[in-house]
Amino acid sequence: MSAPPVFDAGFAQQFAALLAWRRDVRRFRREPLPDELIDRLLAQAELSPSVGHSQPWRWVRVRDEAQRETARNSFQRCNADALGDYEGERARLYASLKLEGMREAPEQIAVFCDHGTQQGHGLGRRTMPEMLDYSVVAAITQFWLAARVAGVGVGWVSILEPDAVREALNAPPEWKLIAWLCIGWPEEESDVPELVRVGWESGR
């Protein structure tokens, strides 16, 4: 067994900066990411904790343009429906938001939770089965931070029809869509969330 690393004050400051500068990215440059970089980020995400060591995350790299178009069409339908929930100035502001980078992002990954997995033998989820989903969310967060270290932007798209996306990707019925990730080199970087900058929400 290796000796545990020592995380000094300099590392702590860098880690705090990493957390402050992680953004939900919507605007990407179009140049592709190296495959070895994506493989490294996924390997780092695999180190994430999971309930019962179930590791229920399933990463599907979506390269087929027809599948991507299906997801974009789903977003457009859901986004139009969501706009109808707002009125007045809030509706105007919602309509002005850029909520996805699905046309620009060179890399796109659909992340599922495998509700049929036997790994972990059910440990820790008998009374809280949602812990499987939470485990996938933790892995996505770890991927997000690893990507930011590499200068890569990640945007989480949730305005989608989960079943339509799952069927378009031919994923098993026991797989639940958790996220559609748009990934690429960001056009800009900021330590202030975009929704704060445009006035949608002030945050805490």
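What you see as residue numbers is a count from 1 along each chain, following the sequence as written. With the structure being a predicted model, the display of local features is reserved for residues of pLDDT at least 70 and the display and counting of side-chain atom pairs for 80 or more, all residues being used for whole-chain, interface and lining totals. As a rule here, side-chain values come from all non-hydrogen atoms in the structure, and water together with hydrogens is ignored.

Chemist: Explain the pairing of strand E4 (residues 175–184) to me, please; I cannot follow it from the model alone.
Modeler: Along any regular strand, the residues point their side chains to alternate faces of the sheet. Burial analysis of E4 places 9 of its 10 residues in the buried class, which makes it a mostly covered element. Paired strands, in this sense, are two strands between which DSSP finds at least two bridges. Secondary structure elements are taken from DSSP: a helix is a run of H or I of four residues or more, a strand is a run of E of two residues or more, and numbering for both begins at the N terminus. Of the pairings in the sheet, the one linking strand E2 (residues 107–114) to E4 comprises 8 bridges and is antiparallel in character. Bridge pairing in E4 places Gln108 opposite Cys182. In the sheet, strand E3 (residues 153–157) pairs with E4 via 5 bridges, with the strands oriented antiparallel. If you follow Gly155 over to E4, its bridge partner there is Cys182. Buried means the residue's accessible area, taken with a 1.4 Å probe over protein chains only, is under 20% of the maximum for its type, while exposed means over 50%, and partly exposed covers the values in between.

Chemist: Any chance you could explain the UniProt feature "domain: Nitroreductase" (unreviewed entry) in the protein here in plain terms?
Modeler: UniProt positions are given in the numbering used here, feature names are shortened, and annotations may be inferred rather than shown by experiment. In the numbering used here, UniProt assigns the "domain: Nitroreductase" (unreviewed entry) feature to residues 19–185. With 41% helix and 17% strand, the stretch residues 19–185 has end C-alpha atoms that lie 18 Å from each other.

Chemist: Please clarify how helix H3 (residues 65–83) should be interpreted in this entry.
Modeler: Every helix has an expected span of 1.5 Å times one less than the residues it contains. The end-to-end C-alpha distance of H3 is 26 Å, a good match for the 27 Å that 19 residues give at a rise of 1.5 Å each. Taken together, the buried positions of H3 are Arg68, Ala71, Arg72, Ser74, Phe75, Cys78, Asn79 and Ala82. Buried residues of H3, seen end-on, are gathered within an arc of 160° and therefore sit on one face of the element. Buried residues along H3 sit against helix H4 (88–96), E2, E3 and E4. Working note: the arc is built from the helix axis to C-beta atom directions. Residue contacts are defined here by distance: any two heavy atoms, one from each residue, within 4.5 Å place the two residues in contact.

Chemist: How should the pattern of salt bridges be read in this particular structure?
Modeler: A side chain with one charge may pair with a side chain of the opposite charge, provided their charged atoms come close. The salt bridge criterion pairs a side-chain nitrogen of Lys or Arg with a carboxyl oxygen of Asp or Glu, the two atoms within 4 Å. Summed over the entire model, instances satisfying the criterion amount to 16 salt bridges. In this structure, the salt-bridge partner of Glu31 is Arg29, at a minimum N-O distance of 2.8 Å. Residue Arg29 is classed as partly exposed on the basis of its relative accessible area, which comes to 36%. The shortest N-O distance in the salt bridge between Glu89 and Arg92 comes to 2.6 Å. Here Glu89 and its partner Arg92 are both found in helix H4, 3 residues apart, which amounts to about one turn of the helix. Residue classification places Arg92 among the partly exposed positions, given a relative accessible area of 47%.

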